[in-house]
Amino acid sequence: MIRIKDIAKEANVSEGTVDRVLHNRGGVSSKTEAKIRKILERRNYSINPVASALAMKNKHNVAVLIPEYNETDSFWKSPYLGVLKASDEVKNIGITVNYFKFNQYDPASYLKSFETLLETEPTAVVFAPMFLNETKKITTQLETADIPYLFLNIDIEGFNNLTYIGQDSYTSGYIAGKLMHLGMEKESKILIIQSREHSGDNNAISKRIHGFNDFFKNHTPNMNPINLKIENFNDVLKTQQSIKDALNSNDSIRGIFIPSSRTAVIVDCLKQSKQKEYKIIGFDNTPQNVDCLKQDDISFLISQKPFEQGYESIRLMSDYLLKSKVPIDKVYLPIDILIKENVVYNDMNQLMFENAISEA
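Residues numbered from 1 in each chain as written. Predicted model: local features only at pLDDT ≥ 70, side-chain atom pairs only at ≥ 80, totals over all residues. Heavy atoms only, no water.

Engineer: Can you help me understand the environment of Ala86 in this one?
Structural biologist: Position of Ala86 relative to the elements: it lies in helix α5 (residues 77-90). Taking relative accessible area as the criterion, Ala86 reaches 0% and is therefore assigned buried. Along the sequence, Ala86 and Ser313 sit 227 residues apart, while their C-alpha atoms lie 8.7 Å from each other. Those residues in contact with Ala86 that sit more than four places away from it in its chain are Tyr311, Ile314 and Arg315. (Helix = DSSP H or I, 4+ residues; strand = E, 2+ residues; numbered from the N terminus. Buried < 20%, exposed > 50% of the residue type's maximum accessible area, 1.4 Å probe, protein only. Contact = heavy atoms within 4.5 Å.)

As structure tokens, then:
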């Protein structure tokens, strides 16, 4: 009988890579996937449902629900890769991880993906609570079914989540304020730019802004940041005009704070409208943001270790399911301040994993 081990040996890849192809979990290059599927077809390999059912007896199914990503909005790729790495490691100890994605701007997509997730009869759920009212519906169903869950990346109070894993958003915003304040003239003004789509339920964004504003209240009470809410960052022309109008209406603005991962979008709008240079602070080392940082278009990026968020969420839930190890209420990851000189050393774990799966 042909085994996964035999397929992996013939394809010259790891067993984990074959397993990802068999279960359509992603993280495998198209060339490698095609090679593996060709071998599977030639060897007439198929998953034995009886053997699979026996293998899954007394094992755990962890379902992960996080936003989808694309080339222009790539933040959630990092948590996904962290989840993927951890899922490869825990499968041999009785944990299967299934991944579900949703449109982070569409509450209906969020609920629809959750309903699909429930059909897999998960033992536990890891998810990003993107929308408040919909999250209440989701957690009610999970608690009724006695399914433990933890929050990833976004921390919302008043729920019975096992833990939260991610950044201390308030403190990260406070640090951003401190960085912005350095070298800033007293009469200078600061512009905070956020998307209206993120101004409601995304608690991480609001906490960052709260922390940012508190720094100035505590240290420079007269420097009140100006808030600008953009309707949709993907509408480049409207975004560009909104920013241009805000900057032209106040010549004292010297700093710009973007409490999300879309900092590169703002930088591009500034360049297109030929605005003067500003001190810009944003979040997350997406490829676009890193390019801007290296070109001195961004002064600082604050990283929330998204790869580690995804990875540790699976490890924590595995320990809870297998060892009854209850995590602390909030698991905060390091707050990294990135400049162009150190950004290449950040998230090396993700880089090594990406290289491994691309070469597989």
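Engineer: Just checking my understanding: could you explain the sheet that holds strand β11 (residues 330-332) for this structure?
Structural biologist: Hydrogen bonds along the backbone pair up the strands of a sheet, which may run parallel or antiparallel. Across the sheet, six strands lie side by side as β2-β1-β3-β4-β5-β11; this open sheet has parallel pairing. The open sheet is flanked by β2 (95-102) and β11, the only strands paired with a single partner. Sheet twist, expressed as the average angle between the axes of neighbouring strands with direction ignored, equals 15 degrees. Two elements, strand β3 (residues 124-127) and strand β4 (residues 149-152), share three bridges in a ladder whose sense is parallel. What sits directly across from Phe127, in β4, is Phe151. (Pairing = 2+ DSSP bridges. Axes fitted to C-alpha atoms, helices over the stretch in contact; angles between N-to-C directions.)

Engineer: Is there a simple way to explain the nonpolar core in this structure?
Structural biologist: Soluble globular proteins: nonpolar side chains tend toward being buried together. With 49 residues, the main nonpolar core has Phe127 and Ile314 as its most contacted residues. Once residues lying within four places of it in the same chain are set aside, the contact partners of Ile314 are Val62, Val64, Val83, Ala86, Ser87, Val90, Val97 and Val126. Within the second largest apolar cluster, 26 residues are counted, among which are Ile258, Val265, Val267 and Leu293. (Core = buried A, V, L, I, M, F, W, Y, C linked by side-chain atoms within 4.5 Å.)

Engineer: Sorry, what's going on with the packing of helix α1 (residues 4-11) against helix α3 (residues 30-42) here?
Structural biologist: The N-to-C vectors of α1 and α3 enclose an angle of 125 degrees; their axes lie 10 Å apart at closest approach. Between α1 and α3, the crossing angle belongs to the class labelled oblique. Judged by the twist between their axes, the crossing of α1 over α3 is right-handed. For the pair α1 and α3, contact is made by Ile7, Glu10 and Ala11 and by Lys35, Ile36, Ile39, Leu40 and Arg42, respectively. Its residues assigned to classes, the contact of α1 with α3 shows five nonpolar, no polar and three charged. (Parallel < 35°, antiparallel > 145°, perpendicular 65-115°, else oblique. Left-handed = near helix turned anticlockwise from the far one by under 90°. Nonpolar A, V, L, I, M, F, W, Y, C, P; charged D, E, K, R; others polar.)

Engineer: Help me understand the packing of aromatic side chains in this model?
Structural biologist: Each aromatic ring pair is described using two quantities: the centre-to-centre distance and the angle formed by the ring planes. For the coordinates displayed, the defined rule picks out 17 aromatic pairs. With 5.3 Å between their ring centres and 90 degrees between their planes, Phe127 and Phe151 make a pair best called edge-to-face. Of the two residues, Phe127 is situated in strand β3 and Phe151 in strand β4; the sequence distance between them amounts to 24 residues. Accessibility assignment for this pair places Phe127 and Phe151 in one class, buried. Centre to centre, the rings of Tyr174 and Phe215 are 5.4 Å apart; their planes meet at 85 degrees, and the pair counts as edge-to-face. Within this pair, whereas Tyr174 is found in helix α8 (residues 169-181), its partner Phe215 is found in helix α9 (residues 203-219), the two being separated by 41 residues in sequence. You can call Tyr174 partly exposed: its relative accessible area is 23%. Linked through ring pairs, Tyr170, Tyr174, Phe212, Phe215, Phe216, Phe257 and Phe283 together constitute an aromatic cluster. Above the face of the Phe283 ring, Arg208 is positioned so that its terminal group lies 4.1 Å from the ring centre. (Phe/Tyr/Trp six-rings, centres within 6.5 Å; stacked < 30°, edge-to-face > 60°. Lys NZ or Arg CZ within 6 Å of the ring centre and 35° of its normal.)

Engineer: Would you explain the domain arrangement of the protein chain in this entry?
Structural biologist: How big an interface is tends to be stated in terms of accessible area lost as the parts join. Entries for the protein chain in the domain assignment read domain 1 (4-47), domain 2 (57-167 + 306-334) and domain 3 (169-303). With centres defined by C-alpha atoms, the gap from domain 1 to domain 3 works out at 45 Å. (Domains from an automatic or database assignment.)

Engineer: Would you explain the packing of helix α11 (residues 263-272) against helix α12 (residues 287-294) in this entry?
Structural biologist: Axes are the key here: two packed helices are described by the angle between their axes and the distance separating the axes. Where α11 contacts α12, the two axes come as close as 8 Å, and the packing angle between them is 50 degrees. Judged on the interaxial angle alone, α12 and α11 are oblique. Taken together, the residues of α12 that come into contact with α11 (itself represented by Thr263, Ala264 and Val267) are Gln288, Asn289 and Cys292. For the contact of α11 with α12, the residue count by class is three nonpolar, three polar and no charged.

Engineer: Sorry, what's going on with α9 here?
Structural biologist: Side chains of residues three or four places apart in an α-helix project in the same direction, reflecting 3.6 residues per turn. End to end, α9 covers 24 Å across 17 residues, agreeing with the expected 24 Å (1.5 Å per residue, within 8%). Taken residue by residue, α9 has Ala204, Ile205, Arg208, Ile209, Gly211, Phe212, Asn213, Asp214, Phe215 and Phe216 as its buried positions. Turning to α9, the residues buried within the fold contact α8, β6 (189-195), β8 (253-257) and β9 (279-283). (Expected span 1.5 Å × (residues − 1).)

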